Amino acid sequence: MNYLKLIRFQNLLLLALMQLIFRLGYLELIDIPLSLFYWQYALLIAATVFIAAGGYVINDIFDQETDEVNHPKQRIIGTLISESKAYTIYVSLTIIGVACGFAVANSVERPNFAVIFVLIATLLYFYACTLKQIAVIGNIVVAALLAFSVVIIGVFDIIPNTFEFNRMQMALAFSILLDYAKFAFIINLVREIIKDIEDIEGDRIQEMKTLPIWIGIPTTNKVAFLLLLAPVIYLLYYANNYLFNNHLFYGLGYMLMFVIAPLIFSLILIWNAKEKKDYAHISRVLKWIIFFGILTVAVVTLNIKYNGKIV
């Protein structure tokens, strides 16, 4: 059980489930020629999950001193698992993930795509040891990595089967993936900023230059609020112009209930947050907003398919 906690297995399950949703609840429903068979898509998910698991481990290795202050009861490395064993786990997970990436890249005859997995694994390492200590930069990097777990689906499942005759159709499918990647990026960026506020005590002891240490908690609250307000405004516009006007009421109801309403609730929480437990609660809410936001693609696609309308 300690090993499962170390790799954040709940987060990994959510990551795998989100990638399955895009394949089964979106790409297969819009009738485009896909590049990957199920076994190849399973390899793509495995590559993403194993590399992400390695990222969690190396992050915990470098975070031992800050975690001793911020999350003393949740510490695993140095208490339940030795640092040397943790390094072995990190290397093993990363090698397996990169190997899966090489396999899926070669299976679609795009071996040069394999470098993507090496770059992601390298970026995760440098994030853990250096980048996370730099205000905003670390937040942007980790948010971008989550967003890329959406983009990479299009890279492997759409691009290899894109030709001149279907370029417009495939470009539209890819652009929708990009829209969801942008959504995941901005919500996760806010979540990372909120987590920095939650962990400010340990980060300050380690002389890290996170945003709340740099500009203070009250100003960081306002930054997080404004960043989160942007997707709320856009989603309200999208819900009215594309879902309501096209009579896609199932998709509209789902988005209002499970995405827009929780986002507005999160704005209220951020505005009133003062204690560490408040920020921990906001972080959990934002994680589920990302998941239910991704699930919107399946709900809306099914609504379009069975309503006979095209948005």
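As shown above, the structure is provided for reference.
Model, not experiment: these values are computed from the prediction.

**Side note on the packing of aromatic side chains**
Then, number 1: Inspection of the entire model under this criterion finds 18 aromatic pairs.
Then, number 2: A ring pair is formed by F244 and F249, whose centres lie 6.1 Å apart and whose planes are at 70°; its orientation type is edge-to-face.
Then, number 3: Measuring from centroid to centroid gives 5.4 Å for F291 and F292, while their planes differ by 65°, and the two rings are edge-to-face.
Then, number 4: Taking relative accessible area as the criterion, F291 reaches 9% and is therefore assigned buried.
Then, number 5: By relative accessible area, F292 is classed as partly exposed at 25%.
Then, number 6: An aromatic cluster is present here, built from Y254, F258, W288, F291 and F292 joined pairwise through their rings.
Then, number 7: Above the ring of Y41, the side-chain terminus of R23 is found at 5.2 Å from the ring centroid.

**Regarding the pattern of salt bridges**
Then, number 1: In total, this model carries 7 salt bridges according to the counting rule given.
Then, number 2: Among the salt bridges present, the one from D157 reaches R23, with a minimum N-O distance of 3.0 Å. In this pair, D157 sits in helix α7 (residues 137–157) while R23 sits in helix α2 (residues 9–27), placing the two residues 134 residues apart along the sequence.
Then, number 3: Note that E164 is salt-bridged to R167, the shortest N-O span being 3.4 Å.
Then, number 4: Given a relative accessible area of 63%, E164 falls into the exposed group.
Then, number 5: Residue R167 is classed as partly exposed on the basis of its relative accessible area, which comes to 42%.

Cut-offs and rules
- Residues numbered from 1 in each chain as written.
- Predicted model: local features only at pLDDT ≥ 70, side-chain atom pairs only at ≥ 80, totals over all residues.
- Heavy atoms only, no water.
- Phe/Tyr/Trp six-rings, centres within 6.5 Å; stacked < 30°, edge-to-face > 60°.
- Buried < 20%, exposed > 50% of the residue type's maximum accessible area, 1.4 Å probe, protein only.
- Lys NZ or Arg CZ within 6 Å of the ring centre and 35° of its normal.
- Salt bridge = Lys/Arg side-chain N within 4 Å of Asp/Glu carboxyl O.
- Helix = DSSP H or I, 4+ residues; strand = E, 2+ residues; numbered from the N terminus.

Just geometry here; none of it tells us what the structure is for.
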